[in-house]
Amino acid sequence: MAKTNAAPPGPGRRTRVLPFLHNRTTTHRFFRLLDATATKTARRRRRRLTARPTRNRRATRPGEPKRPGAAEEPQDQAVGAAREPDAAAEADVDAAVVAGKYWAHRHSLFSLYDRGVRMDAEGWYSATPEAVAASQAARAAPGDLVVDAFAGCGGNSIQFAARGCYVVAVEIDPRKVELAAHNARVYGVEDRIEFVVGDFFRLAPFLKADLVFLSPPWGGPAYIHAPIYTLDMLKPKDGYTTFQAAQKIAPNAIMFLPRTVDISQVEELSWLSCPPLDFESEENYIHHRLKGITAYFGRTAGPPSYHCQNWDDEQAAD
Ligand code: MGP
């Protein structure tokens, strides 16, 4: 999955390698990231809708040795009301996990799953498929400082780190942070990620970075029951509030949203900045199935610098 530089640094933009990157012993520290700047760059508005189907892979095989939640962290739930899926969603998850739906996708979610990747229940249904996470990360420049606002089990942070970015992974659930830190070690990128246990909305005013990645909770698998997903349905706060919090950190943002999202609402977010940000939306397919929509804002928007991912599903499988 070789990637090229998606967005060369703009004039005046600089990225500071922060001291914490050389001292990884702190997972519960709060960092005030000053002086790392991001410059508003282009002002043109664009909208692209691209489809990137990948090759089919076989379905899960019968008689797999383990099931989700067996060897992994068992069915953890997020801490705090803001992250708790509702009961119906949780019931859906349990049913889906038992049916092996998410287990069948394990190598799509993490290609190194068999090396000991760990997830909790919410991680199973909300982790960004690795190929999608890698393509999103390709819009960052190596050396960028990226804030992953809802890091979860770390899938996106890992891909940004693998891209050569430095990542501040914010997650409100300390148990998820432990899982994410473990997964980062599995991928050998732990030196590039600083995990912060905290509420993104409270931390945002004190953070500066080059890029913010937003993959907030969608409300659990039940999101699909709404024919049109509107931004007010995002958790723990609506999409406008979430985006505005991210804008305090950097004008450049990437947002991963449901396939049913009202795209005109998403595009309107680019108008919250003055002058408006560049905007691009992208459909993300895995195995010819639409999994979600990625919205790119600021300098992350534009023609992709990567090609159709040669995601070898047979290699990823056992
Ligand atoms: P899905 O739509 O629940 O299932 O999740 P899937 O595999 O498309 O099932 P199908 O039978 O309908 O094809 C698809 C992807 O959306 C997941 O792999 C996650 O990347 C993402 N996703 C799903 N949910 C419920 C969430 C969520 O709550 N938050 C975030 N950030 N991503 C989610």
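The protein is annotated in an unreviewed UniProt entry as Trimethylguanosine synthase from Panicum hallii. Turning to the protein, the UniProt annotation filed under Sequence similarities (unreviewed entry) states: "Belongs to the methyltransferase superfamily. Trimethylguanosine synthase family."

Turning next to the overall build of the protein. When its secondary structure is counted, the protein shows eleven helices and seven strands. Here the protein holds 318 residues, and 58% of them are scored as buried. Counting contacts in the protein only where the partners sit at least 6 residues apart, residues at least 24 apart contribute 75% of the total. Of the roughly 13,000 Å² of accessible surface on the protein, a fraction of 53% belongs to carbon and sulfur atoms.

Residues Phe-160, Phe-200, Val-266 and Phe-297 are the most contacted members of the largest nonpolar core, which totals 79 residues. If you tally residues by element for this core, the top one is helix α7 (residues 174–187), at seven residues.

What follows deals with the pairing of strand β3 (residues 193–197). Judged by how many residues are buried, β3 sits mostly within the fold: four of five residues are covered. Sheet topology places strand β2 (residues 166–171) next to β3; five bridges connect them, and they run parallel. Bridge assignment links Val-167 to a residue of β3, and that residue is Ile-193. The handedness of the β2 to β3 crossover, carried by α7, is right-handed.

Here the focus is the packing of aromatic side chains. For the coordinates displayed, the defined rule picks out 13 aromatic pairs. Summarising the aromatic geometry, the rings of Trp-218 and Tyr-223 are spaced 5.0 Å apart at their centres and angled 80° between planes, so their arrangement reads as edge-to-face. Taken together, the ring pairs in this structure connect Trp-218, Tyr-223, Tyr-229 and Phe-256 into an aromatic cluster. The ring of Tyr-296 carries Arg-139 above its face, with NZ or CZ at 3.9 Å from the centroid.

For α7, spanning 14 residues, the distance from its first C-alpha to its last is 20 Å, which sits close to the expected 20 Å at 1.5 Å a residue. Burial analysis of α7 places ten of its 14 residues in the buried class, the great majority of the element. Considering only its buried residues, α7 is in contact with α4 (121–126), α5 (130–137), α6 (155–162), β2 and β3. Taking the backbone nitrogen of Arg-175 as reference, a side-chain oxygen 2.9 Å away marks Asp-173 as the first, capping residue of α7. One or two positions beyond α7, positive phi appears at Gly-188, with a value near 70°.

Attention now moves to the site of the ligand. Residues in contact with the ligand amount to 20 residues; listed here are only the nearest, Ala-127, Ser-215, Tyr-223, Arg-259 and Lys-291. Ala-127 places a polar main-chain atom, nitrogen or oxygen, 2.7 Å from an oxygen atom of the ligand. With respect to the ligand, the side chain of Arg-289 contributes an N or O atom lying 2.9 Å from an oxygen atom. Compared with its free state, where it exposes 640 Å², the ligand has 90% of that area covered by protein. Elements represented by at least two residues in the shell around the ligand include exactly α2 (101–104), α4 and β7 (289–297). Taken together, the residues of the shell around the ligand break down into ten nonpolar, six polar and four charged.

Residue Pro-236 follows Lys-235 across a cis peptide bond; omega there is -10°. Mapped onto the elements of the fold, Pro-236 is located in the loop between β4 (211–214) and α9 (239–247). The omega torsion across Cys-274 and Pro-275 is -5°, close enough to zero to call that bond cis. Of note in the backbone geometry, His-287 takes a positive phi value of approximately 55° without being a glycine. Of note, His-287 is situated in the loop between β6 (279–286) and β7.

Okay, the pattern of salt bridges next. Applying the stated criterion across every chain, the model contains seven salt bridges. The salt bridge partner of Glu-282 is Arg-139, with a shortest N-O separation of 3.4 Å. In this pair, Glu-282 is assigned in strand β6 and Arg-139 in the loop between α5 and β1 (145–148), connecting sequence segments 143 residues apart. Judged by its relative accessible area of 1%, Glu-282 is buried. When salt bridges that share partners are traced, they join Asp-120, Glu-122, Asp-173, Arg-175 and Lys-176 into one network.

On to α6. Among the eight residues in α6, seven count as buried, and that is most of the element. Turning to α6, its buried residues number three or more, namely Gly-155, Asn-156, Ser-157, Ile-158, Gln-159, Phe-160 and Ala-161. At the C-terminal side of α6, Gly-164 shows a positive phi close to 105°.

This part covers the sheet that holds β7. The seven strands lie next to each other as β3-β2-β1-β4-β5-β7-β6, forming an open sheet whose pairing is mixed. Two strands close off the open sheet at either side, each with one partner strand: β3 and β6. For this sheet the average axis-to-axis angle between neighbouring strands, irrespective of direction, equals 20°. As paired elements, β4 and strand β5 (residues 253–257) share three bridges and run parallel to each other. Residue pairing across strands places Leu-214 opposite Met-255, the latter belonging to β5. Its contacts with the sheet place α6 against β1, β2, β3, β4 and β5, and it is angled at close to 170° to β2.

Basis of the calculations
All chains use their own residue numbering, which begins from 1 and follows the written sequence. Confidence filtering applies because this is a predicted model: local features only for residues at pLDDT of at least 70, side-chain atom pairs given and counted only at 80 or more, and all residues used for totals across whole chains, interfaces and linings. Working from all heavy atoms in the structure, the side-chain values ignore hydrogens and water. UniProt positions are given in the numbering used here, feature names are shortened, and annotations may be inferred rather than shown by experiment. Helix and strand assignments follow DSSP, with helices taken as H or I runs no shorter than four residues and strands as E runs no shorter than two, numbered in order from the N terminus. For each residue, the accessible area found with a 1.4 Å probe, counting protein chains only, is set against the maximum for its type, and the residue is called buried under 20%, exposed over 50%, and partly exposed in between. It only takes one pair of heavy atoms within 4.5 Å for two residues to be counted as in contact. Surface accessibility in these figures is a Shrake-Rupley result with a 1.4 Å probe; residues are shielded only by whichever protein chains are displayed. Here the nonpolar core consists of buried residues drawn from Ala, Val, Leu, Ile, Met, Phe, Trp, Tyr and Cys, with membership extended through side-chain atoms lying within 4.5 Å. The pairing criterion for strands is at least two bridges between them, as found by DSSP. With its strands directed away from the observer, a crossover is right-handed exactly when the path from the first strand over the helix to the second travels clockwise. Stacked, tilted and edge-to-face are the three classes applied to pairs of Phe, Tyr and Trp rings, where Trp contributes its six-membered ring and a pair requires centres within 6.5 Å; stacked means planes under 30 degrees apart, edge-to-face means over 60, and tilted covers the rest. Over a ring means this: the NZ of a Lys or the CZ of an Arg is within 6 Å of the ring centre and within 35 degrees of the ring normal. Expected helix span is computed as 1.5 Å times (number of residues minus one). Think of a polar contact as two N or O atoms within 3.5 Å of one another; within protein, one of them needs to be a possible hydrogen donor and the other a possible acceptor, and neighboring residues in sequence only count if both atoms come from side chains. Working definition: residue near molecule or strand if any one of its non-hydrogen atoms lies within 4 Å of it. Three residue categories are used. Nonpolar comprises Ala, Val, Leu, Ile, Met, Phe, Trp, Tyr, Cys and Pro, charged comprises Asp, Glu, Lys and Arg, and polar comprises the others, including Gly. Salt bridge criterion: a side-chain nitrogen from Lys or Arg within 4 Å of a carboxyl oxygen from Asp or Glu. In this description, a line fitted to the C-alpha atoms serves as the axis of each element, helices being fitted only across the stretch in contact, and the angle between N-to-C directions of two axes falls anywhere from 0 to 180 degrees.

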